[in-house]
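Residue-level structure breakdown
Below, each chain spelled out in residue letters.
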Amino acid sequence: MSVDIPRRPPKPPARYGVAWKVTNPVLAARNQITEQRARQLVVHHISEHATLPGTPDPLRKPPPLRIPVSSAR
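None of these values were measured; they are calculated from a predicted model. (Residues numbered from 1 in each chain as written. Predicted model: local features only at pLDDT ≥ 70, side-chain atom pairs only at ≥ 80, totals over all residues. Heavy atoms only, no water.)

**Points about the overall build of the chain**
Keep this limit in mind: Working definition: helices are DSSP H or I runs of at least four residues, strands are E runs of at least two. Numbering for both runs from the N terminus. Summary of the burial criterion: residues with accessible area below 20% of their type's maximum are buried, those above 50% are exposed, and those between are partly exposed, where the area comes from a 1.4 Å probe applied to protein chains only. Any pair of residues with heavy atoms lying within 4.5 Å of one another is described as a contacting pair.
Across its full length, the chain carries two helices and two strands. Put simply, the chain runs from its N terminus to its C terminus through helices and strands in the order β-β-α-α. Expressed as a percentage of its 73 residues, the buried residues of the chain come to 15%. A separation of at least 24 residues holds for 46% of the contacts in the chain among residues at least 6 apart in sequence.

Rendered as structure tokens:
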């Protein structure tokens, strides 16, 4: 799926190609994770963990590899 990540104006959104898979279909169904909701979770995750181009901060913790899905009902 492709997701558009908003950037500061006047720059257009950045488009990312993202592959995702459901590892627990029961939990996904219980939490009503649709393709649209997955897209929103991916956009939120990338926006939250994205950094500006340039020299990386050596003390910055790398982002997690998976997007956690709450098991709360």
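**A closer look at unusual backbone geometry**
With a phi close to 55°, Gln32 is a non-glycine residue in the positive phi region. Here Gln32 lies in the loop between helix H1 (25–30) and helix H2 (35–49).

**Structural notes on the nonpolar core**
Rule in force here: Buried residues of nine kinds, namely Ala, Val, Leu, Ile, Met, Phe, Trp, Tyr and Cys, make up a nonpolar core once their side-chain atoms join them within 4.5 Å.
Counting residues in each nonpolar core, the largest one holds five residues, listed as Val3, Ile5, Val18, Val42 and Ile46. Elements supplying a minimum of two residues to this core: strand S1 (2–5) and H2. Contact partners of Val3, with chain neighbours within four places excluded, come to Ala14, Arg15, Tyr16, Val18, Arg39, Val42, Val43 and Ile46.

**Some thoughts on the confidence of the model for the chain**
Inclusion rule: pLDDT gives the predictor's per-residue confidence on a scale running from 0 to 100.
Mean pLDDT over the chain works out to 76, with 71% of the residues at or above the 70 mark. By mean pLDDT, the top-scoring element of the chain is H1 (91), and the lowest-scoring one is S1 (79).

**As for the pairing of S1**
Stated precisely, the cut-off is as follows: Strand pairing is assigned whenever DSSP identifies at least 2 bridges connecting the two strands.
Of the two faces of S1, only the one carrying Val3 and Ile5 is buried; Ser2 and Asp4 on the other face are not. Pairing geometry for S1 and strand S2 (residues 14–17), over four bridges, is antiparallel. By the bridge assignment for S2, Val3 is matched with Tyr16.

**What to know about the pattern of salt bridges**
As a reminder, the rule being used: Here, a salt bridge means any Lys or Arg side-chain nitrogen found within 4 Å of an Asp or Glu carboxyl oxygen.
The full count for this structure, using the stated rule, is two salt bridges. Across the pair Arg15 and Asp4 runs a salt bridge, and its minimum N-O distance is 2.7 Å. Taken together, the residues span a long stretch of sequence, with Arg15 in strand S2 and Asp4 in strand S1 at a distance of 11 residues. Glu35 is the partner of Arg39 in a salt bridge, and the nearest nitrogen-oxygen pair spans 3.7 Å. Here Glu35 and Arg39 lie together in helix H2, a separation of four residues that amounts to about one turn. Its relative accessible area of 49% is what places Glu35 among the partly exposed residues.

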